[in-house]
Amino acid sequence: MSTTPRVSSAIAGEPAHFSSVLAHQPAIAEAFTELYAAFWGSDVLAARIKEVARMRNARVTECGFCRNVRFDKALGQGLGEEIVDDIDWGYETSDKLSDAEKAVLKFTDAVIHDPELLTGDAQAALQRHLSPEQIAELGLGLTLFLALAKALITMGLEPDVMGRTVLPTPAPAEMA
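All figures in this text were calculated on a predicted structure; none of them were measured in a lab.

Describing the nonpolar core
- Tyr36, Trp40, Phe107, Leu126, Leu130, Leu138 and Phe145 are the most contacted members of the largest nonpolar core, which has 43 residues in total.
- Elements represented by at least two residues in this core include exactly helix H2 (26-41), helix H3 (47-61), strand S1 (69-71), helix H6 (81-84), helix H7 (99-112), helix H8 (120-129) and helix H9 (132-154).
- With 9 residues, H9 is the single largest residue contributor to this core.
- Apart from the residues lying within four places of it in its own chain, the contact partners of phenylalanine 145 are Tyr36, Phe39, Trp40, Lys50, Ala53, Arg54 and Asn57.

A closer look at the pattern of salt bridges
- With the rule as written, the count across this model stands at 9 salt bridges.
- Residue arginine 54 pairs with glutamate 51 through a salt bridge whose shortest N-O separation is 2.8 Å. Of this pair, arginine 54 and glutamate 51 are both found in helix H3, 3 residues apart, which corresponds to roughly one turn of the helix. Note on accessibility: arginine 54 and glutamate 51 belong to one class, buried.
- The partner of arginine 164 in a salt bridge is glutamate 81, and the shortest N-O contact between them spans 3.3 Å.

What to know about the packing of H3 against H9
- Relative to each other, H3 and H9 sit at 35°, their axes nearing to 10 Å. The two elements H3 and H9 cross, and the hand of that crossing is right-handed. Taking contact as the criterion, the partners of Lys50, Ala53, Arg54, Asn57 and Thr61 in H3 are, on H9, Glu137, Leu138, Leu142, Phe145, Leu146, Ala149, Lys150 and Ile153.
- Considering only residue class, the contact of H3 with H9 consists of 7 nonpolar, 2 polar and 4 charged.

With respect to unusual backbone geometry
- Of note in this structure, glutamate 62 is not a glycine but carries a positive phi near 60°.
- Within the secondary structure, glutamate 62 sits in the loop between H3 and helix H4 (64-68).
- Here glutamate 62 falls in the partly exposed class, since its relative accessible area comes to 45%.

Rules used in this analysis
- Residues numbered from 1 in each chain as written.
- Predicted model: local features only at pLDDT ≥ 70, side-chain atom pairs only at ≥ 80, totals over all residues.
- Heavy atoms only, no water.
- Core = buried A, V, L, I, M, F, W, Y, C linked by side-chain atoms within 4.5 Å.
- Buried < 20%, exposed > 50% of the residue type's maximum accessible area, 1.4 Å probe, protein only.
- Helix = DSSP H or I, 4+ residues; strand = E, 2+ residues; numbered from the N terminus.
- Contact = heavy atoms within 4.5 Å.
- Salt bridge = Lys/Arg side-chain N within 4 Å of Asp/Glu carboxyl O.
- Axes fitted to C-alpha atoms, helices over the stretch in contact; angles between N-to-C directions.
- Left-handed = near helix turned anticlockwise from the far one by under 90°.
- Nonpolar A, V, L, I, M, F, W, Y, C, P; charged D, E, K, R; others polar.

Any functional reading would require information that these geometric values do not contain.
Rendered as structure tokens:
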């Protein structure tokens, strides 16, 4: 992955990073931020489940930023590193991930790789653990995760070095 910015900063004197690059399009950046916060601010799906899917996306896309960020709300719901470590190839056999989390991971793989991964038993498992509203929310969230990771990677905005970083869970402005 590239850590050499391919887009300049829109803020004079500030190096290129995600926010400074998006400052070239402030209205769109604000709308994206509001959408991302609305997704995380919704309680239709638990933050832990959302974070499990986000971590899978981070592993598959190899986004260095995404792989190292953790949101505090999911941590508060018990998503520790020992569980995150199992969100990798072979997650199906994990004894740390719940059956619902495994179904979410299979759905995540279907969105990222191939919709045919979500047929038969995988589809039945997802529908057993999540309501249609939760599946719709998860699908929209995965779209955001994938787009954000690919944008960071393609624009060369991943950090050279980044340790594990816990951030406040994004929240809509009126909730923050």
